[in-house]
Amino acid sequence: FYFSTSRMKMLLLVVLLLVGLVKTDNGLDISNDMCDSFTQDTWNCLSKIHNFTIIEGIRGGHGITPNISTCVSQAWSAGFKHVDLYIWMCPNCTDNVPASNLIGQLVNQVGLQNFGMIWLDLEVCDDDPGCWGGAESNLAYIKDMVSAAQAAGAKLGIYSTPYEWDHLGLTGLGVQEFANLPLWYANPDGDESFSDFQSFGGWSTPVMKQYDWNGNQCEQTYDADWYPDV
């Protein structure tokens, strides 16, 4: 077939536009129940829009996400460039103490080579104010989680906000010892920038922002994230 110069230029433009649909700094995170409902087709569709994903691996007293290994495998198969895990645990949740038990099981189940990082989700409980304790005991438990993840060989980051940090009692203690770990924070303002960031916990610069709690593509609703250096 013969293509004229103008037709070749038009074809090249179409290709560039299609490639541009996948934003290299844009991703999504999903909860354990969403992991259970996603199919390979779901992941395939989302990979055409997003570059990375972060999947919940542990949810408090519910334990390890039942289908976590399948979710991770399907995300890689769909073509995601980065697949991380996040975990939400609390000292008064069933079987969450010591933290090393569940974290070790999760790493062994998924395989250290099959994910990039573990993000510790440091948030208070919406429906049970008793799931965390006082400031000092909360800090001790967070140290336990950090030590457990590092002992398992995982790269580690923190997910939190000034509100959560304060309500866990960490602001009052002046805790800054985790500021050497990368920070992922949330502010669903729809803005893919760090211009809104307010320093806390010793962090002056985050690495990732959860900027939308209502991402909506491929017949799914999810949290959307911006990670400029991913």
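Before reading further, recall that the structure is shown in the block above.
Residues numbered from 1 in each chain as written. Predicted model: local features only at pLDDT ≥ 70, side-chain atom pairs only at ≥ 80, totals over all residues. Heavy atoms only, no water.

Q: What's the story with the layout of surface pockets in this structure? I'm lost.
A: Rolled over the atoms, a probe sized like a water molecule indicates the empty space that remains. Computed from the structure, the largest pocket encloses a volume of approximately 760 Å³. Around the largest pocket, the lining comprises 30 residues; the ones closest to its centre are Arg59, Trp88, Asp121, Glu123 and Asp126. Looking at the lining of the largest pocket residue by residue, the classes come out as 13 nonpolar, seven polar and 10 charged. (1 Å grid on protein atoms, 1.4 Å probe; cavity = no way out; pocket = protein on both sides within 12 Å on 5 of 7 lines; lining within 4 Å. Points joined across faces, edges and corners; volume = space filled by probe spheres on them. Nonpolar A, V, L, I, M, F, W, Y, C, P; charged D, E, K, R; others polar.)

Q: Please clarify how helix α5 (residues 99–110) should be interpreted in this entry.
A: For an α-helix, 3.6 residues make a turn, and residues three or four places apart therefore share a direction. End to end, α5 covers 17 Å across 12 residues, agreeing with the expected 16 Å (1.5 Å per residue, within 8%). Three or more residues of α5 are buried, namely Ala99, Leu102, Ile103, Leu106, Val107 and Val110. Buried residues in α5, looked at end-on, bunch into an arc of 130°, giving them a common side. Of the surrounding elements, those touching the buried residues of α5 are β2 (50–59), α4 (68–78), β3 (82–88), β4 (118–121) and α6 (135–151). One or two residues past the end of α5 sits Gly111, with phi positive at roughly 95°. (Helix = DSSP H or I, 4+ residues; strand = E, 2+ residues; numbered from the N terminus. Expected span 1.5 Å × (residues − 1). Buried < 20%, exposed > 50% of the residue type's maximum accessible area, 1.4 Å probe, protein only. Arc of directions from axis to C-beta. Contact = heavy atoms within 4.5 Å.)

Q: Is there a simple way to explain the packing of α4 against α5 in this structure?
A: How two helices sit against one another is set out by the angle between their axes and by the gap between those axes. Where α4 contacts α5, the two axes come as close as 9 Å, and the packing angle between them is 45°. Taken together, the axis directions place α4 and α5 in an arrangement best described as oblique. Helix-helix and strand crossings are classified by hand; for α4 and α5 the assignment is right-handed. Of α5, the residues touching α4 (which contributes Ile68, Ser69 and Val72) are Leu106, Gln109 and Val110. Residue composition of the contact of α4 with α5, by class: four nonpolar, two polar and no charged. (Axes fitted to C-alpha atoms, helices over the stretch in contact; angles between N-to-C directions. Parallel < 35°, antiparallel > 145°, perpendicular 65-115°, else oblique. Left-handed = near helix turned anticlockwise from the far one by under 90°.)

Q: Would you take a moment to explain α4 for this structure?
A: Listing the buried residues of α4 in full gives Ile68, Cys71, Val72, Gln74, Ala75 and Ala78. The buried residues of α4 occupy an angular sector of 165° when the element is viewed end-on, so they sit on one face. Where α4 is buried, its residues touch α2 (32–37), α3 (40–46), β2, β3 and α5. A positive phi of about 105° marks Gly79, the residue just after α4.

Q: What's the story with the pattern of salt bridges in this structure? I'm lost.
A: A side chain of one charge can pair with a side chain of the opposite charge if their charged atoms are brought near each other. One pass over the full model with this rule turns up five salt bridges. Measuring nitrogen to oxygen at the nearest pair gives 3.2 Å for the salt bridge that ties Arg59 to Glu56. Using a relative accessible area of 3% as the deciding quantity, one classes Glu56 as buried. Between Asp196 and Lys209 there is a salt bridge whose closest N-O contact spans 2.9 Å. (Salt bridge = Lys/Arg side-chain N within 4 Å of Asp/Glu carboxyl O.)

Q: Teacher, can you tell me more about the packing of aromatic side chains here?
A: How two aromatic rings sit relative to each other is set out by the distance from centre to centre and by the angle between their planes. Following the criterion strictly, the structure yields 16 aromatic pairs and no others. Relative to Tyr227, the ring of Trp119 has its centre 6.4 Å away and its plane inclined at 75°; by these criteria the two rings are edge-to-face. Taken as a pair, Trp119 in strand β4 and Tyr227 in the segment after β8 (220–226) lie far apart in primary sequence, 108 residues in all. Assigned by exposure class, Trp119 and Tyr227 land together as buried. (Phe/Tyr/Trp six-rings, centres within 6.5 Å; stacked < 30°, edge-to-face > 60°.)

Q: Teacher, can you tell me more about the state of the cysteines here?
A: Disulfides are covalent bonds that link the sulfur atoms of two cysteine residues. According to the stated counting rule, one finds four disulfides in the structure shown. Between the sulfur atoms of Cys45 and its disulfide partner Cys218 the distance amounts to 2.0 Å. Disulfide Cys45 to Cys218: torsion about the S-S bond roughly -85°, handedness left-handed. Pair noted here: Cys45 is in helix α3 and Cys218 is in the loop between β7 (208–217) and β8, with a separation of 173 residues, a long-range link. Under the relative-accessibility criterion, Cys45 is labelled partly exposed at 29%. The disulfide partner of Cys125 is Cys131, and the gap between their sulfur atoms is 1.3 Å. Torsion about the S-S bond of the Cys125 and Cys131 cystine: about 105°, corresponding to right-handed handedness. There is no split in this pair, since Cys125 and Cys131 are both buried. Each disulfide in the chain links cysteines that, numbered along the sequence, combine into the pattern 1-3, 2-8, 4-5, 6-7. (Disulfide = S-S within 2.5 Å.)

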